[in-house]
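The primary structure of each chain is shown beneath.
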Amino acid sequence: MKKVTTFLWFNDRAEEAALFYVSLFKGAELTSTMPGPGGKAMSATFRVDGQEFICFNGGPHYKLTPAVSLFIDCVDQAEVDALWDKLLAEGGLLNQCGWLTDKFGLCWQVIPSKLMEVLSSSDREASGRAMQAMLQLQKIDGAGLQQAYDGA
């Protein structure tokens with residue numbers, strides 16, 4: 001186990017959440033489950049690109065909030081679109097600026113690499129136009145950001 005592992009608290013759907021998250025990413029895997037009362041898993045551990053996550057059934061005491069989110073750096077718009085659709089399925093909620101909340105209450109930022117490229121540019125005026133365009137969006141559109149950046 002790595003020195004730092006993301007630990008996600010759920011009421012009673014930890015294994016279901018872990019299996020859903022594994023289904024989102026190529027090469028992701030469920031690595032273990034720990035049995036709990038009544039035969040239901042108390043926790044489920046999964047890995048995405050070498051990063052481990054533990055989903056834990058801790059009861060209703062704590063809820064996931066947007067104060068912590070998982071940031072997905074997407075290589076292109078097709079990846080943004082695919083992950084966006086999957087994460088919103090079955091009760092996910094839209095937020096602004098590439099953020100959404102999945103059906104389990106976990107917040108995600110689904111962001112094309114293009115966003116970081118245009119926002120970190122040394123051309124502050126062009127970056128400002130891209131930032132203003134992003135602030136109007138729910139799902140980030142890389143081509144639209146580039147157009148705003150270019151002043152088109």
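This one's a predicted model, so the numbers in the text were calculated from it and none came from an experiment.

Attention shifts here to the nonpolar core. Counting 29 residues, the largest nonpolar core has Tyr21, Cys55, Trp108 and Val110 as the members making the most contacts within it. Breaking this core down by element, the ones donating at least two residues are β1 (6-10), α1 (14-24), β3 (41-48), β4 (51-57), β5 (69-74), α2 (77-88) and β8 (107-112). Counting residues per element, this core draws most heavily on α1, which supplies seven residues. With residues up to four places along the chain from it excluded, the contact list for Val110 reads Ile72, Cys74, Val80, Leu83, Trp84, Leu87, Gly98, Leu100 and Ile140. Counting eleven residues, the second-largest nonpolar core is a separate cluster that includes Cys97, Leu115, Ala126 and Leu145.

Mapped onto the secondary structure, Gly98 falls in the loop between β6 (93-94) and β7 (99-101). A residue is classified by how much of its surface remains accessible, and Gly98, at 0% relative accessible area, is buried. Remark: the alpha-carbon pair of Gly98 and Leu64, spanning 34 residues in sequence, is separated by 18 Å. With residues up to four places along the chain from it excluded, the contact list for Gly98 reads Trp84, Trp108, Gln109, Val110, Ile111, Gln138 and Ile140.

Let us look at the packing of α1 against α2. Following both chains from N to C, one finds α1 and α2 inclined at 165°, their axes separated by 10 Å at the closest point. Comparing their axes, α2 and α1 come out roughly antiparallel. At the point where α1 passes α2, the crossing takes the right-handed sense. Taken together, the residues of α2 that come into contact with α1 (itself represented by Phe20, Ser23 and Leu24) are Leu83, Lys86 and Leu87. The class makeup of the residues in the contact of α1 with α2 is four nonpolar, one polar and one charged.

Attention now goes to the pattern of salt bridges. Enumeration according to the criterion identifies seven salt bridges in this entry. Residues Lys114 and Glu117 are paired through a salt bridge, measuring 3.0 Å at the closest nitrogen-oxygen approach. You can see Lys114 and its partner Glu117 sitting in helix α3 (residues 113-119), three residues apart, about one turn around the helix. Exposure remark for Glu117: the relative accessible area of 48% places this residue in the partly exposed category. Between Glu125 and Arg129 there is a salt bridge, and its shortest N-O distance comes to 3.4 Å. In this pair, Glu125 and Arg129 are both assigned in helix α4 (residues 124-135), four residues apart and thus about one turn of the helix distant. A relative accessible area of 61% places Glu125 in the exposed class. For Arg129, a relative accessible area of 30% translates into the label partly exposed.

Okay, the pairing of β4 next. Most of β4 is tucked away, with six of its seven residues classed as buried. Inspection of the sheet shows β1 paired to β4 by five bridges, in the parallel sense. Paired with Leu8 across the two strands is Cys55, which belongs to β4. As defined by bridge partners, β3 adjoins β4 across six bridges and the pair is classed as antiparallel. Of the residues in β4, the one forming a bridge with Thr45 is Ile54. Hairpin remark: β3 followed by β4, antiparallel, with two residues in the connecting loop; positive phi at Asp49, about 50°.

Criteria and thresholds
- Residues numbered from 1 in each chain as written.
- Predicted model: local features only at pLDDT ≥ 70, side-chain atom pairs only at ≥ 80, totals over all residues.
- Heavy atoms only, no water.
- Core = buried A, V, L, I, M, F, W, Y, C linked by side-chain atoms within 4.5 Å.
- Buried < 20%, exposed > 50% of the residue type's maximum accessible area, 1.4 Å probe, protein only.
- Helix = DSSP H or I, 4+ residues; strand = E, 2+ residues; numbered from the N terminus.
- Contact = heavy atoms within 4.5 Å.
- Axes fitted to C-alpha atoms, helices over the stretch in contact; angles between N-to-C directions.
- Parallel < 35°, antiparallel > 145°, perpendicular 65-115°, else oblique.
- Left-handed = near helix turned anticlockwise from the far one by under 90°.
- Nonpolar A, V, L, I, M, F, W, Y, C, P; charged D, E, K, R; others polar.
- Salt bridge = Lys/Arg side-chain N within 4 Å of Asp/Glu carboxyl O.
- Pairing = 2+ DSSP bridges.

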